[in-house]
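Letter by letter, the chains look like this.
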Number of protein chains: 4
Amino acid sequence: MTDLSAVKAALKSQRIETPSWAYGNSGTRFKVFAQAGVPRDPYEKLDDAAQVQAVTGVAPVVSLHIPWDKVADYAALAAHAKDRGLVLGAINSNVFQDDDYKLGSVCHPDADVRRKALAHLLECVDIMDATGSRDLKLWFADGTNYPGQDDVSARQDRLAEALAAVCERLGDDQRMLLEYKLFEPAFYTTDVPDWGTAYAHCLKLGPKAQVVVDTGHHAPGTNIEFIVAVLLREQKLGGFDFNSRFYADDDLMVGAADPFQLFRIMHEVVKNGGLAAETGVAFMLDQCHNIEAKIPAIVRSVMNVQEATAKALLVDAAALTAAQRAGDVLEANSVLMDAYNTDVRPLLAEVREELGLHPDPVAAYRASGWQERIVAGRVGGQQAGWGA
Amino acid sequence: MTDLSAVKAALKSQRIETPSWAYGNSGTRFKVFAQAGVPRDPYEKLDDAAQVQAVTGVAPVVSLHIPWDKVADYAALAAHAKDRGLVLGAINSNVFQDDDYKLGSVCHPDADVRRKALAHLLECVDIMDATGSRDLKLWFADGTNYPGQDDVSARQDRLAEALAAVCERLGDDQRMLLEYKLFEPAFYTTDVPDWGTAYAHCLKLGPKAQVVVDTGHHAPGTNIEFIVAVLLREQKLGGFDFNSRFYADDDLMVGAADPFQLFRIMHEVVKNGGLAAETGVAFMLDQCHNIEAKIPAIVRSVMNVQEATAKALLVDAAALTAAQRAGDVLEANSVLMDAYNTDVRPLLAEVREELGLHPDPVAAYRASGWQERIVAGRVGGQQAGWGA
Amino acid sequence: MTDLSAVKAALKSQRIETPSWAYGNSGTRFKVFAQAGVPRDPYEKLDDAAQVQAVTGVAPVVSLHIPWDKVADYAALAAHAKDRGLVLGAINSNVFQDDDYKLGSVCHPDADVRRKALAHLLECVDIMDATGSRDLKLWFADGTNYPGQDDVSARQDRLAEALAAVCERLGDDQRMLLEYKLFEPAFYTTDVPDWGTAYAHCLKLGPKAQVVVDTGHHAPGTNIEFIVAVLLREQKLGGFDFNSRFYADDDLMVGAADPFQLFRIMHEVVKNGGLAAETGVAFMLDQCHNIEAKIPAIVRSVMNVQEATAKALLVDAAALTAAQRAGDVLEANSVLMDAYNTDVRPLLAEVREELGLHPDPVAAYRASGWQERIVAGRVGGQQAGWGA
Amino acid sequence: MTDLSAVKAALKSQRIETPSWAYGNSGTRFKVFAQAGVPRDPYEKLDDAAQVQAVTGVAPVVSLHIPWDKVADYAALAAHAKDRGLVLGAINSNVFQDDDYKLGSVCHPDADVRRKALAHLLECVDIMDATGSRDLKLWFADGTNYPGQDDVSARQDRLAEALAAVCERLGDDQRMLLEYKLFEPAFYTTDVPDWGTAYAHCLKLGPKAQVVVDTGHHAPGTNIEFIVAVLLREQKLGGFDFNSRFYADDDLMVGAADPFQLFRIMHEVVKNGGLAAETGVAFMLDQCHNIEAKIPAIVRSVMNVQEATAKALLVDAAALTAAQRAGDVLEANSVLMDAYNTDVRPLLAEVREELGLHPDPVAAYRASGWQERIVAGRVGGQQAGWGA
């Protein structure tokens, strides 16, 4: 039997982190379709994030991306967040958009480029000090496009050196989250292509170094929830970059492509204690709303994570364990599917009402008039996007 | 026994079409790395293409992309080509970079957008009339990102209507080449995702409508040479967009990722008569040289197609057929591998010398001083790329 | 607004066909794990199928596989079925388990082998005449393992010849369902690897020849519901072989690996009229219950198809079309997801009770005591499996 | 400049290990096609392996599989090998073909089954003591087919416990090679699905535990040579199970599906010192010759490994490093491709002649009359295969 009040308490205390860049424009290599009302600066991004938090109540944290969110005064930015009931979350570094990085950043064959890249990473830690962020999220576009282009092992050496320097610089309450990705933008080798590589580096770097799982960064057929379970068992799961995909790193709304997979992931998280705040697992979104309205898409994504979490919390753990131990394949699967097949939307509506929120966040956002205000008000200036 | 003089003759008469846009800048959604010396307009692209033709002797045709290659006077552009020993090849349409195309072009739910897209396609046929191009190459970014976003069948109806209108407009010696692609930029459905869909449309449209096979546009594990054989058997193979990939539509140099696959493709082409000019198979490149020098990369790509073709021509057809009929699996495989394992570079060097060319095209390009001239001379102006 | 009585009527009239071989033993190349109580002959398979029908009410049709279900008197077998409220469904041919078929059957380089294979296919039509089956389901293991092993085009010619002979033999009310499969047991080329190849053959053969979609037979990333929509639009969808997969042709219970995909498939079926009996779409299961109890697994599979169908029927078609026409991506997706997120188990329980059935088929099967009876009673003899 | 005599020396000292089971019958789940002349027992398998060694000179080691190669007297078997110029190589355990292993072996929820499985593994070490084998190769079919079926983390705990017990039992000169595999026969989770999981276990177990890379066991798109480079850098590469695949674990002849990939793998091996005997990398074949003649297929496979190795040895390391350091993408790729495009068959013919062998191993085998002798002589008895 599941304890509904415990389920509700868990759902109320969940914290989902939304990414500043998802409020700005994004696209594919073929075209970026601009949207009306998109923020022009990090302050406006926070204003939008505050709307997501206002209607969901579980998204008070916002990740930043440097230099896309570069400001003169990070303490002022943190204060702007705080005034809106938000806190600043992970600082995401960017060592892939400077001309110098054509052949890599911290893995580049040229030591000067490596030094430049490392300096940026260290600067990000400075920013963390200013924003009070706990996490530095590192994703490297580093890799090669052609066989022979560079030495795979040498690049691993260079990577290890840079990561060690970053870890050394971190404060006592700061962490380094290392992200892996199969491919794109590198097309032959990627220097951190899989969880094994990220894990091997993090293991040597100690407890401050943790692996982050981006749900869109795997080879076809990879069982992501298995990786989640293994990393939790190894105490090396730093967090998630949630999004969904049908093919590659599609960066669609989390839960849109395979809601059952998201549930299975959250089931491993719940079963292995990953929902407890002290485990330190960060539930971050990393998405691109190329063609759909951005703020409602982020609201919908937060809700999708909530629904998967609610279903995972509803799994009858005792019945599941009993069936597993008895080797009853169909019954064990059935216990899990019972939770998945439950319509948790009424439960989440209750949770929201108990939090003093409107039961339907999408309707609440629509009713708020915010979309009309930003479309009317954010005229002129340069819309935020990946390039700036 | 293979007749070497026939092999050489076939290699001398092969025509490989290079794409104007490969001479310009390109990149991923993360970054476009500009290169020094890149053309500023279609005329300069043709100047570069002429260098590729000068050193290879088999690349006299250049595909254009509209509007990236929009000029005031297409006859003048054709004359510029002719002066350099080139001819203008396929006209590639672009109905994916206008803000109106966010939800599609000829498959868009809004009839106004569909009309606009069709008008562009028809304009491309006008340009073909001016340039003397035989082929209109149609690739549609059309598709959807989310389940439910649009009606799959209705989109097929709209597509069929547009294709029929284009076919109707074509002159007697003009063709429509329909390209398919699994995904990107659409991430849930693509309106022409596979050869079956392209084939089904082309079949209804008659002999002017042919399928084009882009070697980077398939699901993992797809046997491309099988598709080539089937399309040739159905007389529906219009041509290739050659490039290579490890993961998705990586657009690397053809033959770089899987030279054996390229050989197997050319084996089916040769075996099924596709090398004969009268079959009408267009051997086009469609690549992005994001991090490598562009002109030498195109030279190398042309050479890779030549090497695969040479090996395919060296297959001992009689021995292969005999082993196949005898059901001798190892011997049949061995006959094919003998050709593949042959180092055909000396043979191609001879072919080039018999054509009055330097035996090593890459060395010849380096010695020409062209790269230094364009780097020094093409200063100022707006470099060509996908965006313009 | 959805009309609930129409939804219920559709659910009551749905017919799901279960495969005789799923009641027998199966396994992987590594091991077949026998289960107690498994049938020893086709008559006992029908006895088991009758239990599935007894508790679900929508599974009265049973596919046979020749020679696995070879009997002396097919009329007697049909009568056995009829006595239990069943009818005999598709006849599945088998031209892959004789030593002669090592290099193929109807595509074999040796004409004698081809003749033998064709004779078997024609014998299957004789059996259809005796059983009253409408459908001949053809799946060919034909293909090659090594490049060069055989001539791809020649094999297509041989295939076309055999299919034409089979079609010619069919009676007025009989159909030929051609199945495609990416790979396994052939590992380089498969002679009918994709829907395009199956479609191209069926198109030439006329309306009696239809394509069957096995949900486990595609390349990774293939959008199956797109294929379903296209085949329905072309009036070439003969039916489904339902099962589910995480990796390759895993043959797991349908809906177990990706219930959302099954829903999307059923959405295309419903939207495009494929649920109507007159469309002739056969909803067949083709699964292997290697490690789970067989009869309950088939019951569960039937229920999974029902649940996906129910959700598809609940989609608010008018709201969906309105959102699609308006280009409202999020709203259109939301309308679809509303149906998917609905818990349809209570609705199906009602449907069953209105049919005079127990609301919970799994519980009903357990309570029936059938499992205990067959485990106790089916002692001795040779258990049925793929090999015999 | 490459030193040809060093290349030849390296090629002469290479040791390729052939698997006893590749000499016996094998197949897919659909059918095992028996071949005439196949061995009836382990002694005859060694007789066949001796023929491969006789014509190649680099394949003196033979892996065994227990219980398929169970004999009363392993010392006698080792003597039989020695008499034929062979040594016994890795002992492969089998904990997947007993009825008890339906839900797993060392990861099974039932402690009794786990104990039984562990006892088998320890028995394999006893056999190693008798045969003088250095390596115990562990591949586990363990996993689950359905979400919820068992507890992923608990299974990892059970696995860790068994591996520790095995490692503890190993002698000073013995090793445990842990193999990973994405899927098959398990279809939802596999308990050692990727190199990261194998690595994490081996790291905790110490230097005797090493990872083995089966080239057919990865997700589509996985860069295997990257894994090879990383494992060599971590001193955790125990060896290879060579074979090739187009789709899944096809177990085709190594080098048949993607000879360029095999070259890239051998390039990483050579570059990172893995060819040196003291590194301990075992170059094993693990293949199924389902439709082709077995002994010639193994000869061909050995030759394919040799050709890839020869090409890797011919890479101009200095030129490669220079181009890599200069960031010259095309030149670095070109240096690698120069080696790959070289026809190394003449070089290997020389190497063989210098070893006193026929330059063409396939011709030598044909001329030996062995095939005719075994077809005529091995009549009656039970042919060896996977099942016994």
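Keep in mind that what you see is a predicted model, and the values were worked out from it rather than measured.

Student: Got a sec to walk through helix H4 (residues 111-131) of chain A? Specific residues and values, please.
Tutor: Residue and element names in this part refer to chain A. Here H4 contains 21 residues, and its C-alpha end-to-end distance of 30 Å stays within 8% of the 30 Å for a straight helix at 1.5 Å per residue. All of the buried residues in H4 are Val113, Ala117, His120, Leu121, Cys124, Val125, Ile127, Met128 and Thr131. One side of H4 holds all its buried residues, which, seen down the axis, span an arc of 160°. Structurally, H4 contributes buried residues whose contacts are with strand S2 (61-65), helix H3 (74-83), strand S3 (87-92), strand S4 (135-138), helix H5 (152-169) and strand S6 (175-179).

Student: Break down the interface of chain B and chain D for me, citing the residues and quoting the values.
Tutor: In this assembly, 31 residues from chain B lie in contact with 31 residues from chain D. Of the roughly 2,200 Å² buried where chain B meets chain D, counting both sides, 54% is carbon and sulfur surface. In terms of surface lost to chain D, no three residues of chain B exceed B:Leu330, B:Asn341 and B:Arg345, which account for 25% of the buried area on that side. Linking chain B with chain D are four salt bridges, by the criterion used here. Of the charged contacts in the structure, one is a salt bridge between B:Arg345 and D:Asp338, with a shortest N-O distance of 2.9 Å. The tally of links between chain B and chain D comes to five residue pairs in polar contact (both at pLDDT 80 or more). Those elements that provide at least two residues to the side of chain B that touches chain D are helix H8 (259-271), helix H9 (294-314) and helix H11 (329-341) of chain B. Take the side of chain B that touches chain D: its biggest share by element is eight residues, from H11(B). Taken together, the residues that form the side of chain B that touches chain D break down as 16 nonpolar, five polar and 10 charged.

Student: Please provide a residue-by-residue account of the side chain of D:Ser105, values included.
Tutor: All names here are of chain D. With respect to the element layout, serine 105 can be found in the loop between strand S3 (87-92) and helix H4 (111-131). Judged by relative accessible area, which is 0%, serine 105 ranks as buried. When neighbours within four sequence positions are excluded, serine 105 is seen to be in contact with Val95, Val113, Arg114, Ala117, Phe140 and Asp142.

Student: Quick rundown of the sheet that holds S2(A)? Include the residues and the values.
Tutor: Residue and element names in this part refer to chain A. If you trace the eight strands once around the closed barrel, you get S1-S2-S3-S4-S6-S8-S9-S10, paired in parallel fashion. Averaged over all neighbouring strand pairs, the angle between strand axes comes to 30°, with direction disregarded. Bridging between strand S1 (residues 16-19) and S2 involves three bridges; their strand directions are parallel. Each bridged residue has a counterpart across the sheet, and for glutamate 17 the counterpart in S2 is valine 61.

Student: Before we move on, could you go through unusual backbone geometry and cite the residues and values that matter?
Tutor: Cis rather than trans, the peptide bond between A:Glu184 and A:Pro185 has omega equal to 10°. By the element assignment, A:Pro185 lies in the loop between S6 and strand S7 (189-190). For the bond running from C:Ile66 to C:Pro67, omega is 15°, close enough to zero to count as cis. Mapped onto the secondary structure, C:Pro67 falls in the loop between strand S2 (61-65) and helix H3 (74-83). Positive phi, close to 80°, is recorded for B:Glu184, a residue that is not glycine. When you line up the elements, B:Glu184 lands in the loop between strand S6 (175-179) and strand S7 (189-190). Phi is positive for B:Asp251, which is not a glycine, with a value near 60°. Relative to the elements of secondary structure, B:Asp251 occurs in the loop between strand S9 (237-242) and H8.

Student: Lay out the sheet that holds strand S4 (residues 135-138) of chain D in plain terms, naming residues and giving numbers.
Tutor: Residues and elements named next belong to chain D. Strand order around the closed barrel formed by eight strands is S1-S2-S3-S4-S6-S8-S9-S10, with parallel pairing between neighbours. For this sheet the average axis-to-axis angle between neighbouring strands, irrespective of direction, equals 30°. In this sheet, strand S8 (residues 209-214) lies alongside strand S6 (residues 175-179) in parallel orientation, the contact comprising four bridges. In the sheet register, glutamate 179 faces S8, and the bridge partner there is valine 212. Against the sheet, helix H6 (residues 195-205) engages S6 and S8, with an angle of about 160° to S8.

Student: So what's going on with the relation of the copies chain B and chain D? Which residues, and what values?
Tutor: Rotating chain B by 180° and translating it 0.0 Å along the rotation axis places it on chain D, where the RMSD comes to 0.0 Å. Read as a symmetry element, the transformation amounts to a two-fold axis. Nearest to the rotation axis, the C-alpha of B:Asp343 is located 2.7 Å from it, this being the minimum over chain B. Interface overlap between copies is the fraction of interface residues in one copy that are interface residues in the other; for chain B against chain D it reaches 100%, indicating a shared surface.

Student: Could you give me a rundown of the interface of chain A and chain D, with the residues and numbers involved?
Tutor: Tallying the contact residues gives 51 residues for chain A and 51 residues for chain D. Both faces combined, the contact of chain A with chain D buries some 4,000 Å², and carbon together with sulfur accounts for 59% of it. Per-residue buried area on chain A facing chain D is highest for A:Phe226, A:Arg233 and A:Gln324; these three make up 16% of the total on that side. Where chain A packs against chain D, one counts six salt bridges. In this structure, D:Arg233 engages A:Asp157 in a salt bridge whose closest nitrogen and oxygen atoms are separated by 2.7 Å. Taken together, the connections running from chain A to chain D amount to 21 residue pairs in polar contact (both at pLDDT 80 or more).

Student: Run through the UniProt feature "domain: Xylose isomerase-like TIM barrel" (unreviewed entry) in chain A, naming residues and quoting values.
Tutor: Mapped onto this numbering, the UniProt entry annotates "domain: Xylose isomerase-like TIM barrel" (unreviewed entry) at residues 72-249 of chain A. Taken end to end, residues 72-249 of chain A is 39% helix and 17% strand, and its two terminal C-alpha atoms sit 32 Å from one another.

Student: Which residues make up the pattern of salt bridges, and what values go with them?
Tutor: Under the counting rule described, the total for this entry stands at 148 salt bridges over all chains. Among the salt bridges present, the one from D:Arg345 reaches D:Asp343, with a minimum N-O distance of 2.9 Å. The exposure class assigned to D:Arg345 is partly exposed, which follows from its relative accessible area of 24%. For D:Asp343, a relative accessible area of 22% corresponds to the partly exposed category. Through salt bridges with shared partners, one network takes in A:Arg29, B:Lys181, B:Glu184, B:Asp249 and B:Asp251.

Student: How would you explain the confidence of the model for chain A if you had to name every residue and give the values?
Tutor: Per-residue pLDDT for chain A averages 97, and the proportion of residues at 70 or more is 99%. Scored as a whole, the predicted complex attains pTM 0.98, and scored at its interfaces, ipTM 0.98.

Student: Explain the environment of D:Gln210 to me, and be specific about the residues and the numbers.
Tutor: Residue and element names in this part refer to chain D. Here glutamine 210 shows up in strand S8. Taking C-alpha positions, glutamine 210 is 40 Å from arginine 373, a pair spaced 163 residues apart along the chain. Within the structure, the side chain of glutamine 210 is placed 3.3 Å from the backbone oxygen of proline 207, a separation counted as a polar contact. From its side chain, glutamine 210 meets the backbone oxygen of glutamine 235 in a polar contact 3.2 Å long.

Student: Talk me through the relation of the copies chain A and chain D; I want residue IDs and the actual numbers.
Tutor: Superposing chain A onto chain D requires a rotation of 180° together with a translation of 0.0 Å along the rotation axis, leaving an RMSD of 0.0 Å. Interface overlap between copies: 100% of the residues of chain A at the interface are likewise at the interface in chain D, consistent with a symmetric, same-surface contact.

Student: Which residues make up the nonpolar core, and what are the values?
Tutor: The biggest cluster of nonpolar side chains holds 425 residues, and the ones touching the most others in it are A:Phe240, B:Phe240, C:Phe240 and D:Phe240. When sequence neighbours within four positions are dropped, the list of residues in contact with D:Phe240 reads D:Val212, D:Val213, D:Val228, D:Ile265, D:Val269, D:Val281, D:Ala282, D:Phe283 and D:Met284. One finds A:Met253, B:Leu182, B:Phe246 and D:Leu252 within the second-largest nonpolar core, a separate group that totals 72 residues.

Student: Explain the environment of C:Trp68 to me, using residue names and the numbers behind them.
Tutor: Residues and elements named next belong to chain C. Considering the arrangement of structural elements, one finds tryptophan 68 in the loop between S2 and H3. The class of tryptophan 68 is buried, set by a relative accessible area of 7%. Here the alpha-carbon distance between tryptophan 68 and serine 93, two residues 25 residues apart in the chain, equals 9.5 Å. Here glutamine 97 takes part through its side chain, which lies 2.8 Å from a polar atom of the side chain of tryptophan 68.

Student: Give a description of the pairing of strand S9 (residues 237-242) of chain D that names residues and reports values.
Tutor: The two faces of the sheet receive side chains in turn, since in a regular strand these alternate between them. Residues and elements named next belong to chain D. Among the six residues that make up S9, six are buried, leaving the element largely enclosed by the rest of the structure. Both S8 and S9 contribute to a ladder of four bridges, which runs parallel. By the bridge assignment for S9, aspartate 214 is matched with aspartate 241. The handedness of the S8 to S9 crossover, carried by helix H7 (residues 224-233), is right-handed. For S9 and strand S10 (residues 282-285), the ladder comprises four bridges, and the chain directions are parallel.

What counts as what
Residues numbered from 1 in each chain as written. Chains lettered and ligands numbered in written order. Predicted model: local features only at pLDDT ≥ 70, side-chain atom pairs only at ≥ 80, totals over all residues. Heavy atoms only, no water. Helix = DSSP H or I, 4+ residues; strand = E, 2+ residues; numbered from the N terminus. Expected span 1.5 Å × (residues − 1). Buried < 20%, exposed > 50% of the residue type's maximum accessible area, 1.4 Å probe, protein only. Arc of directions from axis to C-beta. Contact = heavy atoms within 4.5 Å. Buried area = accessible area lost by both parts, 1.4 Å probe. Salt bridge = Lys/Arg side-chain N within 4 Å of Asp/Glu carboxyl O. Polar contact = N/O pair within 3.5 Å; in protein donor to acceptor, adjacent residues only side chain to side chain. Nonpolar A, V, L, I, M, F, W, Y, C, P; charged D, E, K, R; others polar. Pairing = 2+ DSSP bridges. Axes fitted to C-alpha atoms, helices over the stretch in contact; angles between N-to-C directions. Least-squares fit on C-alpha atoms with pLDDT ≥ 70 in both. UniProt positions renumbered as here; feature names shortened; annotations may be inferred. pLDDT = per-residue confidence, 0-100. Core = buried A, V, L, I, M, F, W, Y, C linked by side-chain atoms within 4.5 Å. Right-handed = clockwise from strand over helix to strand, strands pointing away.

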